[in-house]
Amino acid sequence: MKFFRFDRLAWIFMRVSGFLLIGLIFTHLIVNLMQDGGVKAIDFAFVAGKLANPFWQWFDVTLLWLALIHGSNGMRVVIDDYVYRTGVKRFLLVSLVISTTTLIVLGTLVIFTLDPCPVGSPADLLPSFCPAG
Amino acid sequence: MSIKTPSKPKTVFRGTLYRGHEGMWSWVLHRITGIAIYFFLLVHVLDTATVRLDPELYNAVMASYKTPIMGLGEAALVAAIVFHAFNGLRIILVDMTAWASRHHRTLFYGVLVLWAVVMIAFLPRHLMHVFGG
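Report on the accompanying structure. Please read all numbers here as calculations on a predicted model, not as lab measurements. (Residues numbered from 1 in each chain as written. Chains lettered and ligands numbered in written order. Predicted model: local features only at pLDDT ≥ 70, side-chain atom pairs only at ≥ 80, totals over all residues. Heavy atoms only, no water.)

**Digging into the overall build of chain A**
Right, so step 1: Within chain A, the secondary structure is distributed over four helices and zero strands.
Right, so step 2: By the compact-globule yardstick of 14 Å for 133 residues, chain A is too spread out, its C-alpha radius of gyration being 19 Å.
Right, so step 3: By its C-alpha atoms, chain A is 60 × 30 × 25 Å across when sized along the principal axes.
Right, so step 4: Relative to its 133 residues, chain A shows a buried fraction of 44%.
Right, so step 5: Restricting to contacts in chain A with at least 6 residues of sequence separation, those with at least 24 account for 68%.
Right, so step 6: Carbon and sulfur atoms make up 71% of the accessible area of chain A, which totals about 7,800 Å². (Helix = DSSP H or I, 4+ residues; strand = E, 2+ residues; numbered from the N terminus. Rg over C-alpha atoms; globule rule 2.2 N^0.38 Å. Buried < 20%, exposed > 50% of the residue type's maximum accessible area, 1.4 Å probe, protein only. Contact = heavy atoms within 4.5 Å. Areas by Shrake-Rupley, 256 points an atom, 1.4 Å probe, with all protein chains shown as cover.)

**Structural notes on the side chain of A:Asp60**
Residue and element names in this part refer to chain A.
Right, so step 1: Here Asp-60 shows up in helix α3 (residues 54-82).
Right, so step 2: Notably, Asp-60 is buried but unbridged: the nearest opposite-charge side chain belongs to Lys-50, and the N-O separation is 4.6 Å.
Right, so step 3: Apart from residues lying up to four places away in sequence, Asp-60 is in contact with Leu-51 and Ile-111. (Lys, Arg positive; Asp, Glu negative; His and termini not counted. Salt bridge = Lys/Arg side-chain N within 4 Å of Asp/Glu carboxyl O.)

As structure tokens, then:
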């Protein structure tokens, strides 16, 4: 029995990431759905204001990676449990890897390349710290 | 008419170790909530990615999350996440300690109580945000 067998590492990852995700997601929900106006207060100014802060950049990127890997590994287990035909199974697993990788890359780029004060946008849509005009 | 057709054997759930009891329901609910959260996560990364494109586009996308129907959907999503979180902690405890695996049923009812407490704290505030006031 190899110590670093894939299934063993996946099993440990699910427990460690699951534990961390509880803190990350509960914080995410309190800040985005409970504080101030809740879901009604979420707009470009709110998100761009948050992501201008390195703390929220690293918070969100950690949440993104852990949630997507935790979720897609869960889906891998579900596919393993219910899909027996090898062709269908391979198609689903390849789709899962492609969609997960795409979303991780896309989300990471969005978090680190977002311009909170895009030129030419109406000032009332932007965070209050953006220079006027 | 006198020939008797063999009747189907009845499935008896009583007396089985697992089926129909708390262990099965925690497993079923963990799987259903996990899959539901995963598909929301896919959509959520994509809708948030529009924040990188244009402030007006992002605000228009977010407006669809502020309708009454989506507000109820968000309540269901949070209910799923909170259950998955507490039941996940229960799974970690049952895996790690002999005490928890002996008392896994009690822990499952503990998960339901904690879930109810958090939902009672969350729902009024969220519903007030969604339905105004």
